[in-house]
Amino acid sequence: MVEITSSLATGLLRPDGTPVRVLVVDDEPDLAEVLSAVLRYEGWDVQVAGDGASALRLAREFMPDAVVLDIMLPDVGGLEVLRRLRAEIPQVCVLFLTARDSVEDRIAGITAGGDDYVTKPFSLEEVLARLRGLLRRAGMTRAGTGDKLSVGDLIMDEDAREVTRAGQLVDLTPTEFELLRFLMRNPRRVLSKAQILDRVWSYDFGGQAHVVELYISYLRRKIDAGRAPLIHTVRGVGYVLKPVPA
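Rules behind the numbers
- Chains are numbered independently. Their residues run from 1 in the order of the written sequence.
- This being a predicted model, a pLDDT of at least 70 is required before a residue's local features are given, and a value of 80 or more before pairs of side-chain atoms are given or counted; all residues contribute to the totals for chains, interfaces and linings.
- Hydrogens and water are ignored here; the side-chain numbers use all heavy atoms of the structure.
- Buried Ala, Val, Leu, Ile, Met, Phe, Trp, Tyr and Cys residues that are joined via side-chain atoms within 4.5 Å together make up what is termed a nonpolar core.
- The classification of residues rests on relative accessible area computed with a 1.4 Å probe and restricted to protein chains. Under 20% of the type maximum is buried, over 50% is exposed, and intermediate values are partly exposed.
- Helix and strand definitions follow DSSP, with helices as H or I runs of at least four residues and strands as E runs of at least two, each counted in order from the N terminus.
- Residue contacts follow a heavy-atom distance rule, with two residues in contact if any of their heavy atoms lie within 4.5 Å.
- Comment: axis = line fitted to C-alpha atoms, over the contacting stretch for helices; angle = value between 0 and 180 degrees taken between N-to-C directions.
- Working definition: roughly parallel below 35 degrees, roughly antiparallel above 145 degrees, roughly perpendicular at 65 to 115 degrees, and oblique for all remaining angles.
- Amino acids outside the nonpolar list (Ala, Val, Leu, Ile, Met, Phe, Trp, Tyr, Cys, Pro) and the charged list (Asp, Glu, Lys, Arg) are all regarded as polar, and Gly is one of them.
- At least two DSSP bridges between two strands are required for those strands to pair.
- Counting of polar contacts relies on pairs of N or O atoms within 3.5 Å, with two restrictions inside protein: one atom must be capable of donating a hydrogen and the other of accepting it, and residues adjacent in sequence are counted only when both atoms are side-chain atoms.
- Note: pLDDT gives the predictor's confidence per residue, expressed from 0 to 100.

### Thoughts on the nonpolar core
Within the largest apolar cluster, 29 residues are counted, with the highest numbers of intra-cluster contacts made by Val-163, Leu-180 and Ile-196. Those elements giving two or more residues to this core turn out to be β9 (148–151), β10 (154–157), α6 (174–184), α7 (193–201), α8 (210–223) and β15 (238–241). Residues contacting Leu-180, with those up to four places away along its chain left out, are Leu-154, Met-156, Val-163, Leu-172, Leu-219 and Ile-223.

This is the structure:
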């Protein structure tokens, strides 16, 4: 049996109980896709725009709670997009995401009304942490506590950050926990090493697939040792977590 009791287990909610809305604005399609996938993984409602004009149009329809905004866009610049956004949605949180990392650029972004600033290349975890902080300060609340993920006899309490298998507590490092959480949120789905790198480490990790192999081996020793295996290798593709057949 595979069960995910809540898709919003570690996410934030709007005051009315609906998912947080985030607009990602970036003219790099691959980067925008990775970011949107990670934010949806948090349980958030995400829309993507590749230029300033599209971002402004989408914002009026979508009414986002937060915007991840690249300063360097092909049409309307990010600072101008921010100015127009603030005029129409004054309370929206704005996180600048850009390759421009000089002190002057940072000051310009914050002076223009941006709430925070992250430079490329970046850590996905840093972007998530910054967004969570902005959203909490804006009045968003955590989703209901007590939700758990379960795959067969493997149980993860995300709020308590505890994992058990067959009732026995499994001691995991923070990275092992994040890797297992990604696998458990995608049961029966084969995940490539590149997908795992993007989600658990960072977008620009350098393609070092061996780190995935290493941490999968660590997890196997703790999760599968002496038991029927839950973590399986799909040669040439990646890894999959699935319950032991009854």
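Having seen the model, we can carry on.
### Thoughts on the packing of helix α5 (residues 124–137) against α7
As a packed pair, α5 and α7 sit with axes 6 Å apart at the nearest point and diverge in direction by 40°. Between α5 and α7, the crossing angle belongs to the class labelled oblique. On the side of α5, the interface is formed by Leu-124, Glu-125 and Leu-128, while α7 contributes Asp-198, Arg-199 and Trp-201. When the residues that make up the contact of α5 with α7 are grouped by side-chain class, the tally is 3 nonpolar, no polar and 3 charged.

### Let's talk about the sheet that holds strand β5 (residues 66–69)
Strand pairs in the sheet, formed through backbone hydrogen bonds, run parallel or antiparallel to each other. Pairing within the open sheet is parallel, and its 5 strands lie in the order β4-β3-β5-β6-β7. The outermost strands of the open sheet, each flanked by one partner alone, are β4 (45–49) and β7 (116–119). Within the sheet, the average angular offset between the axes of one strand and its neighbour, ignoring direction, is 20°. Where strand β3 (residues 21–25) and β4 come together, 5 bridges link them in parallel fashion. Bridging across to β4, Val-24 finds its partner in Val-48.

### A few points about the side chain of Asn-186
Relative to the assigned elements, Asn-186 resides in the loop between α6 and β13 (191–192). On the accessibility criterion, Asn-186 (12% relative accessible area) is buried. In this structure the side chain of Asn-186 is engaged in a polar contact, spanning 2.8 Å, whose partner is the side chain of Arg-189. Not counting residues within four places of it along the chain, the set of residues in contact with Asn-186 comprises Tyr-41 and Leu-191.

### Considerations on the confidence of the model for the chain
The predicted model of the chain averages 82 in pLDDT, with 84% of residues at 70 or higher. Confidence drops under pLDDT 50 across residues 1–10; counting only partners more than four residues distant or on other chains, this segment forms 34 contacts.

### A short note on unusual backbone geometry
Peptide bonds are mostly trans, and most non-glycine residues show a negative phi. The backbone of Ala-166 shows a phi angle near 55°, a positive value even though the residue is not glycine. Note that Ala-166 resides in the loop between β11 (162–165) and β12 (168–170). Backbone geometry at Arg-188 places phi at a positive 65°, although glycine is not the residue there. Tracing the backbone shows Arg-188 in the loop between α6 and β13. For Arg-188, a relative accessible area of 54% gives the class exposed.

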